[in-house]
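Report on the structure
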Amino acid sequence: MKGICGEQLNNCMLLGDCENGGDGAAAVGVEDGVAVGGGGGGGEGLAASARRVRLRQVQSMAVPTTSAYDTLERPYRHDKARGRWAKSADFYFASCTHAFTPLMFSELPTFGLVHGGWVLIIIAYLMGIFFYSLPIFLIQAFLGQFSTSGSISAFRVAPIFKGIGYSILLINLGTLSYYSIGAVVPLIYAVNALHAVIPWTHCNNTWNSDDCSTHDNYDPDSLAVDPHSTVEFFRSMIASTGEGSTAMTTSLSMLVAVGAIWLLVLALLLKPVVFIGKTLRCSCVLMFACFVAVFFYLAIHEGLDLGTFHSYLLPPFYNVQDLLGVGSRAFVMAGLALGPGCGSIINLASYNSFRSDAERMSVWVCLTHATIGLMAVLCCNVAHDHFEDHVGMLPFHVDEKHDLQYLYLSFSYLFGRFSTVPNLWAFLFFVVIFLAELSALVIQLLSVVTSLFDEFECLRSRKMPIICTLIFCLAATSVYFCTQLGFSQLNLLPRMALFSNVLISGVLVLMATVVYGRVRFQCDLQFMLGKTISSFTIFFIRFGTPIFLGLCLGQLVYYLITFNEIHQGVMWLSQGLLFLLAIVYMVYRVTKTNGSFRQRLQQCLAPHDWHPVDADNRRFYEEIMGISEMLVIDANANNT
């Protein structure tokens, strides 16, 4: 491991005291990033100034280096039985499973291509990765890995924001209530692809209507086309919108698949974290292999060349609203690197060893997401054009009023027309989507239970009954989304979670770089990673990311308001309740402290029990925080 210059690190911590402590500026000045002693010269004057500053801080309780947790009476106790990844690469593979989410093959890239072209969607997507996904990924990885705790206890860095952790918990529970359906649909398609003749390629099934058609051409000027066999399969087996159906009509195949998936998730969650990490690693490798095979066969079968890009190369400039829609969709695609729900990366990073290079893995995860994302956009280009050339215009001739129609109608028709073993390619593609959604389901549920067990020590002895009860309740709620009415409402819920994610991401940037302090944040990163972190990186996260988030938030609000299908009252009420919980907790935290209002606020903003949980790393960290001496981290020491 690369050594750290102790003098530079100690100067950094001294600047952090001055910046975050307020009264430290009287003793120490800062010029061009260099600490200047107020009274003495050389290292002794610097050390003496540092000790005086920290002594006054401890006496006034302005910035305590260690303090009680939550109520200032109960200290945080680490769960020694929580485990960690078998290999540091497990964090990378678990994070990369999100790259194959169905949203990457849905109407998001399709709309971007049609209305923005390749140039605009690539620029917007890469900007989202660079300005949003990568900085937020690094902050979440830092919070989880440094604290070795879930998305509630990790807010020890600034306890007044711990209400955000509870909001994250509620968001994840809400997401889990319907997210299993995302794994159910590709599982049904994968199983049906194993038939000798793929069911959605013919009209001899029991669910097909008298008007069912297998046409491969149509009149584009016609106002309607006959329902294709691919469309009727989706209506009968998935959406439950066939002839004679009602709002509560339920697909039997959906019910069976929901039960099977939740039993599989239960079996995984009862295993140690080491086993879960190995399972996610193997699943990700399998997804990579299957997707690459499908991608190259698709490119060969469809004869992709530069002409494929030409029709959608430049934006057509229909109107400003469409271009804003392209930007918002590209931003959503970039945000998929952070996983579904919220705070998943905090939980995944909490199982890393303390010296894992989270910065390098953050870069590699985002690069992997960008690569898979661009490959997915190309696949959507081919599938969308193929469907509109042979079946009908989306969403003019064929409109199932659901975001999943772009994925399952276009791709199922495309693979069904392959000349060589169409069953195999359809099976491999839908297995990739199924494994991605199953992995996301496991990661979200692991995030929920980890947060609960880390925060509430009394629950740790009852892990099995709590996990079983939680999964039973979530499986029961998933049944509702198997109905026609419940399935149709899946369009609304992900958009609600998206709005929350953007706001919470902004709070994380504020908490890490402003409340905790950019210098302390930088020094903690350096201590954890064992290498120097560029000041430009911290500056970029502190200023560049919030500006980009503000612009995207305004764009998302505009998009959500103008999108007529969203029940505005339900969305804004749910978002208001989530952040009302965070505000109420802030007030509660302030009332539990003593002193004047300023002292109360300082105590709530100061880190409480914020240190590595490993004894050796904690001792080294407290030496850096408490005295001004040189520290060099050895490559072979404390590799925990």
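Residues numbered from 1 in each chain as written. Predicted model: local features only at pLDDT ≥ 70, side-chain atom pairs only at ≥ 80, totals over all residues. Heavy atoms only, no water.

**Some points on the overall build of the protein**
Helices and strands together make up the secondary structure of the protein, namely 22 helices and two strands. Split into buried and exposed, the 640 residues of the protein put 58% on the buried side. Summed over all atoms, the accessible surface of the protein reaches about 25,300 Å², with 65% contributed by carbon and sulfur. (Helix = DSSP H or I, 4+ residues; strand = E, 2+ residues; numbered from the N terminus. Buried < 20%, exposed > 50% of the residue type's maximum accessible area, 1.4 Å probe, protein only. Areas by Shrake-Rupley, 256 points an atom, 1.4 Å probe, with all protein chains shown as cover.)

**Some points on the packing of helix 13 (residues 405-416) against helix 14 (residues 422-455)**
Between helix 13 and helix 14, the least distance of the axes is 8 Å, while the angle of their chain directions is 150°. With respect to helix 14, the axis of helix 13 lies roughly antiparallel. Residues L407, Y408, F411, S412, F415 and G416 of helix 13 pack against P422, W425, A426, F429, F430 and I433 of helix 14. A class-by-class count of the residues in the contact of helix 13 with helix 14 yields 10 nonpolar, two polar and no charged. (Axes fitted to C-alpha atoms, helices over the stretch in contact; angles between N-to-C directions. Parallel < 35°, antiparallel > 145°, perpendicular 65-115°, else oblique. Contact = heavy atoms within 4.5 Å. Nonpolar A, V, L, I, M, F, W, Y, C, P; charged D, E, K, R; others polar.)

**As for a nonpolar patch on the surface**
A contiguous nonpolar patch, built from L573, L577, L580, I583, V584 and V587 and spanning about 570 Å² of accessible area, is present on the exposed surface. Within the secondary structure, L577 is located in helix 20 (residues 568-591). (Patch = residues over 30% accessible without salt bridge, like charges linked within 9 Å, V, L, I, M, F, W, Y side chains within 5 Å. Salt bridge = Lys/Arg side-chain N within 4 Å of Asp/Glu carboxyl O.)

**Some words on unusual backbone geometry**
With a phi angle near 50°, T148 is a residue other than glycine that sits in the positive phi range. Relative to the elements of secondary structure, T148 occurs in the loop between helix 4 (107-147) and helix 5 (162-192). T148 sits in the buried class, given a relative accessible area of 9%. Positive phi, normally seen in glycine, also occurs at V421, with a value near 35°.

**Considerations on the nonpolar core**
Where a protein is soluble and globular, its nonpolar side chains tend to be buried together. If you look at the biggest cluster of nonpolar residues, it comprises 183 residues, and the most contacted ones within it are F105, L143, V265 and F487. Once residues within four sequence positions are removed from consideration, L143 is found in contact with A154, V157, I346, L508, M511 and W610. (Core = buried A, V, L, I, M, F, W, Y, C linked by side-chain atoms within 4.5 Å.)

**Some thoughts on the packing of aromatic side chains**
To describe a pair of aromatic rings, one takes the distance between the centres and the angle between the planes. Enumeration over the complete set of coordinates arrives at 49 aromatic pairs. For the ring pair F100 and F291, a centre distance of 5.7 Å and an interplane angle of 70° mean the geometry is edge-to-face. In this pair, F100 sits in the loop between helix 3 (89-96) and helix 4 while F291 sits in helix 8 (residues 273-302), placing the two residues 191 residues apart along the sequence. Assessed through its relative accessible area of 2%, F291 is described here as buried. (Phe/Tyr/Trp six-rings, centres within 6.5 Å; stacked < 30°, edge-to-face > 60°.)

**A few points about the side chain of T230**
In this fold, T230 is placed in helix 6 (residues 229-239). Under the relative-accessibility criterion, T230 is labelled buried at 0%. Excluding anything up to four places from it in sequence, T230 contacts W200, L409, S412 and Y413.

**Re the side chain of T545**
As for its position among the elements, T545 is in helix 19 (residues 535-562). Judged by relative accessible area, which is 0%, T545 ranks as buried.

**Here's the deal with the environment of M528**
Along the chain, the position of M528 falls in helix 18 (residues 518-529). Using a relative accessible area of 0% as the deciding quantity, one classes M528 as buried. Through-space distance from the C-alpha of M528 to that of N617 is 8.9 Å; in sequence the pair is 89 residues apart.

**Some points on the environment of L173**
With respect to the secondary-structure elements, L173 resides in helix 5. The class of L173 is partly exposed, set by a relative accessible area of 26%. Sequence separation of L173 and L445 is 272 residues, and the distance between their C-alpha atoms is 8.1 Å. When residues no more than four places from it in sequence are discounted, the contact partners of L173 are V448, L470 and L474.

**Describing the pattern of salt bridges**
Within this structure, the stated rule accounts for 11 salt bridges. With its nearest N and O atoms 3.7 Å apart, the salt bridge here joins R77 to E457. Linking R77 in the loop between helix 2 (42-60) and helix 3 with E457 in the loop between helix 14 and helix 15 (463-480), this pair joins segments that are 380 residues apart in sequence. Overall, R77 belongs to the partly exposed group, its relative accessible area being 42%. Relative accessible area serves as the criterion here: at 38%, E457 is assigned to the partly exposed category.

**A short note on helix 15**
Over its 18 residues, helix 15 runs 27 Å from end to end, which matches the ideal 26 Å to within 8%, given 1.5 Å per residue. Turning to helix 15, its buried residues are I467, L470, I471, L474, A475 and S478. Down the axis of helix 15, the buried side of the element spans an arc of 135°, and every buried residue falls inside it. Elements in contact with the buried residues of helix 15: helix 5, helix 7 (252-269) and helix 14. (Expected span 1.5 Å × (residues − 1). Arc of directions from axis to C-beta.)

**Quick look at the packing of helix 5 against helix 7**
Interaxial distance between helix 5 and helix 7 falls to 9 Å at its minimum, and their mutual angle equals 110°. The angle between helix 5 and helix 7 falls in the class roughly perpendicular. Relative to helix 7, helix 5 is oriented so that their crossing is right-handed. Contact with helix 5, carried on its side by L176, S180, I181, A183, V184, V185, L187 and I188, involves S253, M254, A257, V258, I261 and W262 of helix 7 and no other residues of that element. Taken together, the residues of the contact of helix 5 with helix 7 break down into 12 nonpolar, two polar and no charged. (Left-handed = near helix turned anticlockwise from the far one by under 90°.)

**Digging into a negative patch on the surface**
A contiguous patch of negative charge, built from D210, D211, D226 and E243, is present on the exposed surface. Topologically, D226 is positioned in the loop between helix 5 and helix 6. (Lys, Arg positive; Asp, Glu negative; His and termini not counted. Charge placed at Lys NZ, Arg CZ, Asp CG, Glu CD.)

**Description of the environment of G277**
Looking at the secondary structure, you find G277 in helix 8. G277 sits in the buried class, given a relative accessible area of 0%. Measuring from C-alpha to C-alpha, the distance between G277 and I443 comes to 9.9 Å, with 166 residues separating the pair along the chain.

**As for helix 18**
Under the 1.5 Å per step criterion, the end-to-end length of helix 18 is 16 Å for 12 residues, consistent within 8% with the ideal 16 Å. Among the 12 residues that make up helix 18, 11 are buried, leaving the element largely enclosed by the rest of the structure. Residues V519, R520, F521, Q522, C523, D524, L525, Q526, F527, M528 and L529 constitute the buried set of helix 18. Positive phi appears at G530, one or two residues downstream of helix 18, with a value of about 75°.

**What to know about the confidence of the model for the protein**
When pLDDT is averaged across the protein, the result is 81; 80% of the residues are at 70 or more. Every residue in residues 1-8 is under pLDDT 50, and counting partners more than four places away or in other chains gives 21 contacts. (pLDDT = per-residue confidence, 0-100.)

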